[in-house]
There are 2 protein chains.
Amino acid sequence: MHFASEQRLDDGVLERTFTLGEIPGTLWTPPSATPVPLVLMAHNNGLPKSQPRLVARARYTAAAGYAVASIDAAGCGDRPRTAADTQARAALRRAVAAGEPADEVFEAVVGPLVERAVPDWRTTLDALLGLPEIGGPVGYSGWTAVGIHLAVTEPRIAAAGLFAGGYVPRAQRAEARQVTVPLLLLLQWDDEGNPRQRALDLFDAFGTREKTLHANLGGHTGTPWFELEDGTRFFDRHLK
Amino acid sequence: MHFASEQRLDDGVLERTFTLGEIPGTLWTPPSATPVPLVLMAHNNGLPKSQPRLVARARYTAAAGYAVASIDAAGCGDRPRTAADTQARAALRRAVAAGEPADEVFEAVVGPLVERAVPDWRTTLDALLGLPEIGGPVGYSGWTAVGIHLAVTEPRIAAAGLFAGGYVPRAQRAEARQVTVPLLLLLQWDDEGNPRQRALDLFDAFGTREKTLHANLGGHTGTPWFELEDGTRFFDRHLK
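Residues numbered from 1 in each chain as written. Chains lettered and ligands numbered in written order. Predicted model: local features only at pLDDT ≥ 70, side-chain atom pairs only at ≥ 80, totals over all residues.

Visitor: What exactly am I supposed to notice about the overall build of chain A here?
Guide: On a plain count of helices and strands, chain A comes out with 7 helices and 9 strands. On C-alpha atoms alone, chain A measures out to a radius of gyration of 17 Å, which is about the 18 Å that the 2.2 N^0.38 rule sets for 240 residues. Once the C-alpha set of chain A is aligned to its principal axes, its extents read approximately 55 × 40 × 30 Å. Considering only residue pairs separated by 6 or more positions, chain A has 66% of its internal contacts joining residues 24 or more positions apart. (Helix = DSSP H or I, 4+ residues; strand = E, 2+ residues; numbered from the N terminus. Rg over C-alpha atoms; globule rule 2.2 N^0.38 Å. Contact = placed C-beta atoms within 7 Å.)

Written out as structure tokens, the structure is:
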């Protein structure tokens, strides 16, 4: 793990970029005399780790006492794409522009992305837990499909806060019943591109006994600020 | 308004019983040098104000800095029932015991109860706002149907936290679109007697722009303790 740059934010949080083999990442850590719990934070559908809303969420969560890490996993963010990825994305754009049913093309884009992203997240987790400033336990926040696959394959994930605003491949919808960690699912009631009923069905499907749904009025990017607070309070209950 | 008894709780909250004409009530007030906001707290379907879960919720909310009041409104709790009420309740018990569709009998029991309860709540509100220790603004917590009718008819209600676990008469389902105050709707995902879809439809119907749904796994009485905290934090955003 190689740290490339760092800056100290006004609230004392240290923000560092790193590379881990081919994986670029950012790590935010709060000032703390003792090792802190860790939150892995990903954006739905592989959006870049530099996306301002993710950065704001990471900084807020770090200031609340968590080490927070985000990466561009294989095929995500600014990472190179395979020819198949590029073709699948072009097909998706055409389908959306034409107003055609997009499930199959979403499946072709997001399905492989999730499968390849999760190993990079596990590699990152191994490296992060080797740092003296990070203790555990480990939570996950954000991209629902990756969160499901990670929670099912990675026993170190102790709690997950998921945002329903992204396509969840059939494989992860099927895996949802195997998820047993405490969950908070965040839903925007009128999310333009993500059918509400599908999110409600997913919430119903999760196998965990301790799951909470927060739904707020509004579109995809309209999540109210207080859900940031609620998210860290959820992690406080399970990681501290 | 006549105070009949009082006790000081361990956390400094003063718990007083009162009567206001024929209306019996309980008022909880926190220690405070300045007037505090008020929360009116009612149990679904007219359960008594002495019910332990309501009392626990009221004491918690008062300790968080609110005056909290609960009454047995007309026909509710231990108040006398009309002959029609008694007949309607007997019909409801028969329908439930026989496993018959109970909507019409619920309508006959709860519909008149809501219509008659709301004037008593407004009378109580007038009296409470005359007390020097109570300022405002005013929130409402609990019984959904009464909350809807009160929010629509009483402009002093500034925010409402509603529990979906109770029958909402057709008149109040129709009124939901007129509710414009900030709302938090609390839903138990597997509430035995209250269809989930009906609660989701109600959430969808509310006319307010600032509405949040919290759903938790489990049956009618299984609401997790952290929803008490979330409830006062909701009021903190809108009443403080």
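Moving on from the coordinates now.
Visitor: Just checking my understanding: could you explain the nonpolar core for this structure?
Guide: General note: in soluble globular proteins, nonpolar side chains tend to be found buried as a group. Residues L40 of chain A together with L40 and A67 of chain B are the most contacted members of the largest nonpolar core, which totals 138 residues. Ignoring any residue separated from it by four or fewer positions in sequence, one finds A67 of chain B in contact with L27, W28, T29, V36, L38, A62, E133 and I134 of chain B. (Core = buried A, V, L, I, M, F, W, Y, C linked by C-beta atoms within 7 Å. Buried ≥ 20, exposed ≤ 12 C-beta atoms within 10 Å, placed from the backbone.)

Visitor: Would you mind showing me how to read the relation of the copies chain B and chain A here?
Guide: Both copies of the chain are related through a single rotation about an axis accompanied by a shift along the same axis. In screw terms, the move from chain B to chain A is a rotation of 180° and a rise of 0.0 Å along the axis, fitting with an RMSD of 0.0 Å. Within this description, the copies of the chain are treated as partners about a two-fold rotation axis. Identified as the residue of chain B closest to the rotation axis by C-alpha distance is H214 of chain B, at 2.4 Å. (Least-squares fit on C-alpha atoms with pLDDT ≥ 70 in both.)

Visitor: Can you walk me through the interface of chain B and chain A in this structure?
Guide: Often, the extent of an interface is quoted as the loss of accessible area upon association of its parts. If you look at the interface, chain B gives 11 residues, while chain A gives 11 residues. Breaking the side of chain B that touches chain A down by element, the ones donating at least two residues are β9 (211-216) and α7 (226-239) of chain B. Residue contributions to the side of chain B that touches chain A peak at 6 residues, all from β9 of chain B. Classifying every residue of the side of chain B that touches chain A by side-chain character gives 4 nonpolar, 3 polar and 4 charged. Strand direction decides the pairing type here: strand β9 (residues 211-216) of chain A and β9 of chain B, joined by 5 bridges, are antiparallel. The partner of N216 of chain A across the bridge, within β9 of chain B, is T212 of chain B. (Nonpolar A, V, L, I, M, F, W, Y, C, P; charged D, E, K, R; others polar. Pairing = 2+ DSSP bridges.)

Visitor: What is the right way to look at the pairing of strand β8 (residues 183-188) of chain B in this model?
Guide: The side chains of a regular strand alternate between the sheet's two faces. Residues and elements named next belong to chain B. In terms of residue burial, β8 counts as a mostly covered element, since 6 of its 6 residues are buried. A two-sided burial pattern is seen for β8, the buried positions comprising L183, L185 and L187 on one face and L184, L186 and Q188 on the other. Here strand β7 (residues 157-163) pairs with β8 via 4 bridges, running parallel. Within β8, the residue paired with G161 across the bridge is L184. The β-α-β motif built from β7, the intervening helix α5 (residues 170-175) and the parallel element β8 has right-handed crossover chirality. Strand direction decides the pairing type here: β8 and β9, joined by 6 bridges, are parallel. Residue pairing across strands places L184 opposite T212, the latter belonging to β9. Regarding the hand of the β-α-β motif, the stretch spanning β8, helix α6 (residues 196-205) and β9 is right-handed. (Right-handed = clockwise from strand over helix to strand, strands pointing away.)

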